[in-house]
Amino acid sequence: MSDNNSNSNNNNNNNTNNFNNNNQCDLPDNYKELVTTGKVEKLILSPSSSLDRPKTLPPKSQEEVLKHQREYEEIQKKAKKTLEREAKEKEKLDAIRKEKEKSLIDARKIWEEDIIPVWEKNSKKRDIKKIKDLSWRGLPPAVRGKIWRLCIGNDLRVTDELFNIFLGHANNAYNKTTSPPLKSRSPPPNINIDIRQANNSIHHSRSPMNTSTDGEDDVLDLETTNMALILQDIQDTFPSLMIFQKGGPLHSDLIDVLGAYICYRPDIGYVPGMTFLAAMFLLNMEKCDAFLSLSNHINSVCFLPFFRQDQSGIPKYLAAMDSTVEALTPPLHKHFKDIGISAKNYLVDWITTLFSKALPLDIATRIWDLVFIEGEIFIYRTALSILRYFISDLIQATYDECIDLFNKLPQRKISEDKLFDEINSIVLDQKKFDKLLEK
């Protein structure tokens with residue numbers, strides 16, 4: 001037994017000596033000392049350390065212990081650096097957030113005390129330059145809804161009473177949509193074309209001069225079909241928020257606003273993308289105000305052709321966008337032309353949702369602020385800035401890859417500061433753009 005112990009000790013000493021001779025020259029001084037004195041076990045943090053080998057297995061050699069300890073310490077160093085870096089980043093973000101919050105508090109006071117009262121009394125006396133400067137960093141949430149309403153106006157003279165009247169019609173359509181016979185009925189193919197044709201043929205049926213019950217039945221059928229599409233699209237409207245989907249706090253409000261709208265404007269009906277518009281308004285104002293703002297927004301000159309699917313008006317805006325890309329980003333325009341991409345592949349969706357589907361909600365909200373304050377030209381500055389933001393991907397992409405990028409923009413990581421720097425660098429003149437529309 002004594003001989004066996006002696007042989008084991010000799011083997012351990014030989015292992016240590018071999019390790020000293022072969023590897024000691026590559027070790028730091030503190031490690032050399034531990035190896036020389038045979039005190040490598042001091043590197044082990046505790047008997048239960050993950051560096052130890054289970055008792056059922058042979059013990060580690062000093063060389064193996066030392067190797068694992070060095071690896072462990074390296075991992076610890078990297079982890080410490082990562083934590084320190086993350087702490088610094090968090091501290092920096094917290095400072096930026098606090099600065100932004102203070103800025104919004106200060107801005108809110110200016111809006112409420114200096115700008116909004118003057119604007120409400122006489123819009124012509126408002127300080128346009130001051131408004132644009134203040135709005136660039138985003139409107140304070142507390143006044144955003146009111147400022148949007150002031151910008152959009154109410155040329156249609158929509159009232160709460162009008163909203164309630166058409167909400168009654170919408171309830172009839174909703175009840176018919178959710179009844180058992182309709183529940184299992186799926187929309188027919190090419191539903192958008194059918195709806196538009198139906199809208200054009202029956203919108204006169206709401207006229208007081210028309211007393212035909214057949215016309216009223218046609219309208220109800222159209223409203224019911226539109227309502228079915230609305231209920232379907234709501235499920236995909238800001239799904240991460242979980243407030244517009246069934247069971248969410250704003251689910252019924254969104255149905256009410258859109259339902260009232262399709263009854264109010266059967267000549268337009270429901271167009272895909274409207275759920276995002278109505279949802280954005282509801283996030284910033286009450287239900288009646290959201291209906292008023294949605295109705296007047298869609299009715300504006302720039303947006304109405306896209307919702308009416310006006311084949312004489314839409315091509316003008318698409319051609320103007322293509323000309324703008326050609327003038328300000330010639331290489332990308334050439335590549336797009338070579339692979340068959342044009343504004344029709346991206347601009348229609350961006351306009352009908354006002355970027356709320358394509359961009360993160362906080363960025364889209366800030367863009368809405370500036371579109372309403374600076375006018376339609378900001379839409380085209382934003383569209384061009386998105387193309388420039390992703391130009392390194394788009395310039396070498398195939399047709400299918402470009403379409404895929406446009407469709408999956410919400411999944412892309414977009415820097416708000418970088419995107420708005422891009423927008424700020426783009427100079428577009430409204431008068432020159434209007435001339436492009438006249439061509």
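Student: Outline the overall build of the protein chain, supporting the account with residue identities and numerical values.
Tutor: Scanning the protein chain from N- to C-terminus turns up 22 helices and zero strands. Out of the 439 residues in the protein chain, the part that is buried amounts to 40%. Considering only residue pairs separated by 6 or more positions, the protein chain has 73% of its internal contacts joining residues 24 or more positions apart. Taken as a whole, the protein chain presents about 24,900 Å² of accessible surface, with 50% of it coming from carbon and sulfur.

Student: Please provide a residue-by-residue account of the side chain of T365, values included.
Tutor: Mapped onto the fold, T365 is located in helix 17 (residues 361-374). Residue classification places T365 among the buried residues on the basis of a relative accessible area of 11%. When near neighbours in sequence (up to four residues on either side) are disregarded, T365 contacts R144, W148 and M280.

Student: How would you sum up helix 15 (residues 330-339)? Please name residues and give values.
Tutor: Buried within helix 15 we find L332, H333, H335 and F336. For helix 15, the arc enclosing every buried residue in end-on projection is 165 degrees, short of the 170-degree limit, so these residues lie on one face. Opposite the packed face of helix 15, turned more than 90 degrees from it, sit the exposed residues P331, K334, K337 and D338. The inward-facing, buried residues of helix 15 abut helix 14 (314-328), helix 18 (377-389), helix 19 (391-394) and helix 20 (399-407). At the C-terminal side of helix 15, G340 shows a positive phi close to 90 degrees.

Student: Explain the confidence of the model for the protein chain residue by residue, including any values.
Tutor: In this model, the protein chain carries an average pLDDT of 81, and 77% of its residues clear a pLDDT of 70 or more. Segment residues 8-27 is flagged for pLDDT under 50; beyond a separation of four residues in sequence, or across chains, it makes 17 contacts in the model. Here residues 180-215 scores under 50 on pLDDT; set against residues more than four positions off or in separate chains, the count is 47 contacts.

Student: Outline helix 11 (residues 274-282), listing residues and values.
Tutor: Burial of helix 11 is extensive: nine of the nine residues sit out of reach of the surface. By the burial criterion, the buried members of helix 11 are M274, T275, F276, L277, A278, A279, M280, F281 and L282.

Student: Which residues make up the packing of helix 3 (residues 62-121) against helix 5 (residues 141-152), and what values do they have?
Tutor: With their axes 10 Å apart at the nearest point, helix 3 and helix 5 run at an angle of 30 degrees to one another. With respect to helix 5, the axis of helix 3 lies roughly parallel. Between helix 3 and helix 5 lies a crossing of left-handed hand. Taken together, the residues of helix 5 that come into contact with helix 3 (itself represented by L104, R108, W111, E112, I116, W119 and E120) are P141, A142, V143, K146, I147, L150 and C151.

Student: Mind laying out the pattern of salt bridges, listing which residues take part and the relevant values?
Tutor: Counted according to the given criterion, the structure contains 20 salt bridges. Here K130 and D114 are joined by a salt bridge, their closest N and O atoms 3.9 Å apart. Taken together, the positions of K130 in helix 4 (residues 128-135) and D114 in helix 3 put the pair 16 residues apart, joining distant regions of the chain. Residue K130 is classed as partly exposed on the basis of its relative accessible area, which comes to 33%. Taking relative accessible area as the criterion, D114 reaches 40% and is therefore assigned partly exposed. The partner of D369 in a salt bridge is R144, and the shortest N-O contact between them spans 2.9 Å. Remark: R144 occurs in helix 5 and D369 occurs in helix 17; sequence separation between them is 225 residues. Overlapping salt bridges, with partners in common, bring together K90, D94, R97 and E101 in one network.

Student: Describe in detail the packing of aromatic side chains, supporting the description with residues and values.
Tutor: Taken as a whole and judged by the stated rule, the model has 21 aromatic pairs. For the pair F238 and F276, a centre-to-centre distance of 5.1 Å together with 75 degrees between the ring planes defines the contact as edge-to-face. Pair noted here: F238 is in the loop between helix 9 (213-234) and helix 10 (251-264) and F276 is in helix 11, with a separation of 38 residues, a long-range link. The exposure classification of F238 matches that of F276, with both residues buried. Residues F306 and Y317 carry aromatic rings whose centres are separated by 5.7 Å and whose planes lie at 55 degrees to one another, so their mutual orientation is tilted. Taken together, the residues span a long stretch of sequence, with F306 in helix 13 (residues 304-308) and Y317 in helix 14 at a distance of 11 residues. For the pair F306 and Y317, one class covers both residues: buried. Here a set of aromatic residues connected by ring pairs shows up, and it is made of F163, F166, Y261, Y264 and F291. The side chain of R366 reaches across the aromatic face of W136, ending 5.8 Å from its centre.

Student: Tell me about the environment of F291, residues and numbers included.
Tutor: Tracing the sequence through the fold places F291 in helix 12 (residues 287-298). Spatially, the C-alpha atom of F291 lies 9.4 Å from that of T159, the residues being 132 residues apart in sequence. Excluding its chain neighbours within four sequence positions, the residues that come into contact with F291 are V158, F163, V257, A260, Y261 and Y264.

Student: Can you lay out the environment of R137 for me, pointing to particular residues and giving the numbers?
Tutor: In this structure, R137 sits in the loop between helix 4 and helix 5. Once the C-alpha coordinates of R137 and S103 are considered, the two residues, 34 residues apart in sequence, prove to be 9.1 Å apart. Not counting residues up to four positions away in its chain, the partners in contact with R137 are R366 and D417.

Student: Requested: an account of the environment of V271, with residues and values cited.
Tutor: If you trace the backbone, V271 turns up in the loop between helix 10 and helix 11. The spacing of V271 and N226 is 45 residues in sequence and 8.6 Å in space, taken between C-alpha atoms.

Student: Break down the side chain of T382 for me, citing the residues and quoting the values.
Tutor: With respect to the helices and strands, the residue T382 is situated in helix 18. What T382 contacts, discounting residues up to four positions off in sequence, is F355, I367 and I423.

Student: Run through unusual backbone geometry, naming residues and quoting values.
Tutor: A positive phi is found at M242, a non-glycine position, where the angle reads about 55 degrees. As for its placement among the helices and strands, M242 is situated in the loop between helix 9 and helix 10. Look at Q309: it is not a glycine, yet its phi comes out positive at around 55 degrees. Within the secondary structure, Q309 is located in the loop between helix 13 and helix 14.

What counts, and at which threshold
Residues numbered from 1 in each chain as written. Predicted model: local features only at pLDDT ≥ 70, side-chain atom pairs only at ≥ 80, totals over all residues. Heavy atoms only, no water. Helix = DSSP H or I, 4+ residues; strand = E, 2+ residues; numbered from the N terminus. Buried < 20%, exposed > 50% of the residue type's maximum accessible area, 1.4 Å probe, protein only. Contact = heavy atoms within 4.5 Å. Areas by Shrake-Rupley, 256 points an atom, 1.4 Å probe, with all protein chains shown as cover. Arc of directions from axis to C-beta. pLDDT = per-residue confidence, 0-100. Axes fitted to C-alpha atoms, helices over the stretch in contact; angles between N-to-C directions. Parallel < 35°, antiparallel > 145°, perpendicular 65-115°, else oblique. Left-handed = near helix turned anticlockwise from the far one by under 90°. Salt bridge = Lys/Arg side-chain N within 4 Å of Asp/Glu carboxyl O. Phe/Tyr/Trp six-rings, centres within 6.5 Å; stacked < 30°, edge-to-face > 60°. Lys NZ or Arg CZ within 6 Å of the ring centre and 35° of its normal.

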